[in-house]
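# Topology and contacts: notes
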Amino acid sequence: MRLLAQKDQGSSLDLAVLGCSKGAEVYSVSCAIRTARPDLKVRVSALDIDSDILELAKSGVYAPTAANGSTVLGPNSLDQTRNVAATTYRDQSSSIFERMSSEEIKAVFDLEGDLVKVKPRFREGIIWRIGDARDPKLADVVGVQDIVFANCFLCHMPPDEAGMCLLNLARLVKPGGYVFVSGVDPGVRSKVARALRWSPVTELIHEIHEGDPALRRAWPLEYWGLEPFDQGRADWELRYASVFLCGGTEAERMQL
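Let us look at the structure shown here. Throughout this document, residue positions are counted from 1 along each chain, in the order its sequence is written. Restriction of local features to residues with pLDDT of at least 70 applies here, the model being predicted, together with a cutoff of 80 or more for giving and counting side-chain atom pairs; totals for whole chains, interfaces and linings are based on all residues. Values shown for side chains rest on all heavy atoms present in the structure; no hydrogens or waters enter the calculation.

Two strands are counted as paired when DSSP detects at least two bridges linking them. Helix and strand definitions here come from DSSP, where helices need a minimum of 4 consecutive H or I residues and strands a minimum of 2 consecutive E residues; each element is numbered from the N-terminal end. Strand order in the open sheet formed by seven strands is S6-S2-S1-S7-S8-S10-S9, with mixed pairing between adjacent strands. Strand pairing shows two members of the sheet lacking a second neighbour, strand S6 (126-130) and strand S9 (199-200), which therefore form its edges. Where S9 lies against strand S10 (residues 243-245), two bridges are found, and the strand directions are antiparallel. Pairing of Pro200 across the sheet is with Phe244, part of S10. For this analysis, residues touch if any pair of their heavy atoms sits within 4.5 Å. Axes here mean lines fitted to C-alpha atoms, for a helix over just the part in contact, with angles spanning 0 to 180 degrees between N-to-C directions. Strand contacts of helix H1 (residues 24-36): strand S1 (12-18), strand S2 (41-48), S6 and strand S7 (145-150), with the helix running at about 160° to S1, the strand carrying the most contacts. Each of S2 and S6 touches helix H2 (residues 51-59); the most contacted strand, S6, lies at about 170° to it.

The following block contains the structure:
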């Protein structure tokens, strides 16, 4: 939210969430920004390669969970409700609600029978798109943004491909804009950041790096695990930052 302080009262904010998956990050960002700065005109482009998952995200309807992590569905739940539950928990072992308090859930969602739905004000201004972050024409489709989120999908690519993808999505960021990128090999990220002359945002750098205990626990056995924060490295700011200020002129960056 500190990045929003530079935005004038009533101005617009364009942001993109790439690899948006089931929409949790999109709605979290929308809720946080709209709550902190209700005066801003927020426009969000949410993109994912999976059309079925994107439909779930676009609907904003999910199956909640009980304290033990099981879905909360009544005995008379309709097949449609059970289908939503199946999609909500597809390909994941934990609930998307596990780190939300009951107060936070009430603030973001409305109850609809056995399901919950994101409140209308947090769904406004979102454009949902089928697309691939590796597409060289991505900037033509999505347009340039004040902030780009590219979290937790680059880790599924080989390093060279992840680096090229990161270079590609850099075209989406306006000069003076920000990119949030986590869930990628730190070496790949720092190499691209250095090449593009990105400036690491070091405020809360350690807290952000350590923010997801699951990623840290997975190191070094899982490919998506996150290495320990090592402030003894000469390049530690560039290597461990997850937020970068993007400089350079538009013409320079379009030549990459």
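The rest of the description comes next.
A separate point is unusual backbone geometry. Each neighbour pair has its own omega, and for Trp219 with Pro220 the value is 0°, a cis peptide bond. With a phi angle near 60°, Arg197 is a residue other than glycine that sits in the positive phi range. In this structure, Arg197 sits in the loop between helix H8 (186-195) and S9. Judged by relative accessible area, which is 54%, Arg197 ranks as exposed. Only protein chains enter the calculation, and the probe is 1.4 Å; a residue is then buried if its accessible area is under 20% of its type maximum, exposed if over 50%, and partly exposed in between.

In the sections that follow, a salt bridge refers to a side-chain nitrogen of Lys or Arg positioned within 4 Å of a carboxyl oxygen of Asp or Glu. Enumeration according to the criterion identifies twelve salt bridges in this entry. A cluster of three or more residues bridged by salt bridges with shared partners is formed by Lys7, Asp14, Arg43, Asp146 and Lys174.

A separate point is the pairing of S2. Looking down a regular strand, the side chains alternate between one sheet face and the other. When you tally the buried positions in S2, you get six out of eight residues, the bulk of the element. Two elements, S1 and S2, share seven bridges in a ladder whose sense is parallel. Paired with Leu18 across the bridge in S2 is Leu47. Each parallel crossover has a hand, and for S1 linked through H1 to S2 it is right-handed. Handedness of a crossover is defined as follows: orient the strands so they point away from the viewer, and if the path from the first strand over the helix to the second runs clockwise, the crossover is right-handed.

This paragraph deals with the packing of aromatic side chains. When two rings of Phe, Tyr or Trp (its six-membered ring) have centres within 6.5 Å they constitute a pair, described as stacked for plane angles under 30 degrees, edge-to-face for angles over 60, and tilted for the intermediate range. Within this structure, the stated rule accounts for eight aromatic pairs. Between Tyr62 and Phe97 the ring centres are 6.4 Å apart and the planes differ by 80°, which places this aromatic pair in the edge-to-face class. On the criterion of sequence distance, the pair formed by Tyr62 in strand S3 (residues 61-62) and Phe97 in the loop between helix H3 (79-88) and helix H4 (102-108) is long-range, its members being 35 residues apart. Given the relative accessible area of 5%, Phe97 is considered buried. Here the aromatic rings of Phe229 and Trp236 are separated by 5.8 Å at their centres, their planes lie at 65°, and the arrangement is edge-to-face. In terms of burial, Phe229 and Trp236 fall into one category: buried.

Let us look at the packing of helix H7 (residues 159-169) against H8. Packing of H7 against H8 brings their axes to within 10 Å, and their N-to-C directions diverge by 40°. Classified by chirality, the crossing of H8 by H7 is right-handed. In contact with Pro159, Ala162, Gly163, Leu166 and Leu167 of H7, H8 contributes Val188, Arg189 and Val192. Side-chain classes follow a simple rule in which Ala, Val, Leu, Ile, Met, Phe, Trp, Tyr, Cys and Pro form the nonpolar group, Asp, Glu, Lys and Arg form the charged group, and the remainder, Gly included, forms the polar group. Tallied by class, residues from the contact of H7 with H8 come to six nonpolar, one polar and one charged. In a left-handed crossing the near helix is turned counterclockwise from the far helix by less than a right angle, and in a right-handed crossing that turn is clockwise.

Attention now moves to the nonpolar core. Of all hydrophobic cores here, the largest spans 36 residues; its most connected members are Leu15, Val26, Ile33, Tyr62 and Trp128. Side-chain atoms within 4.5 Å are what join buried Ala, Val, Leu, Ile, Met, Phe, Trp, Tyr and Cys residues into a set we call a nonpolar core. Listed in part, the 35 residues of the second largest apolar core include Leu154, Trp198, Phe229 and Cys246.

So, on to H2. Those residues of H2 not exposed but buried are Ile53, Leu54, Leu56 and Ala57. Down the axis of H2, the buried side of the element spans an arc of 155°, and every buried residue falls inside it. Opposite the buried face of H2, at more than 90 degrees from it, the exposed residues are Asp52 and Glu55. The definition of a polar contact used here is a pair of N or O atoms within 3.5 Å, where within protein one atom must be able to donate a hydrogen and the other to accept one, and adjacent residues in sequence count solely through side-chain atom pairs. Two to three positions downstream of the cap, the backbone nitrogen of Asp52 sits 3.0 Å from a side-chain oxygen, assigning the N-cap of H2 to Asp50. Backbone geometry just downstream of H2 places Gly60 in the positive-phi region, at approximately 70°. The directions considered for the arc are those from the helix axis to the C-beta atoms.

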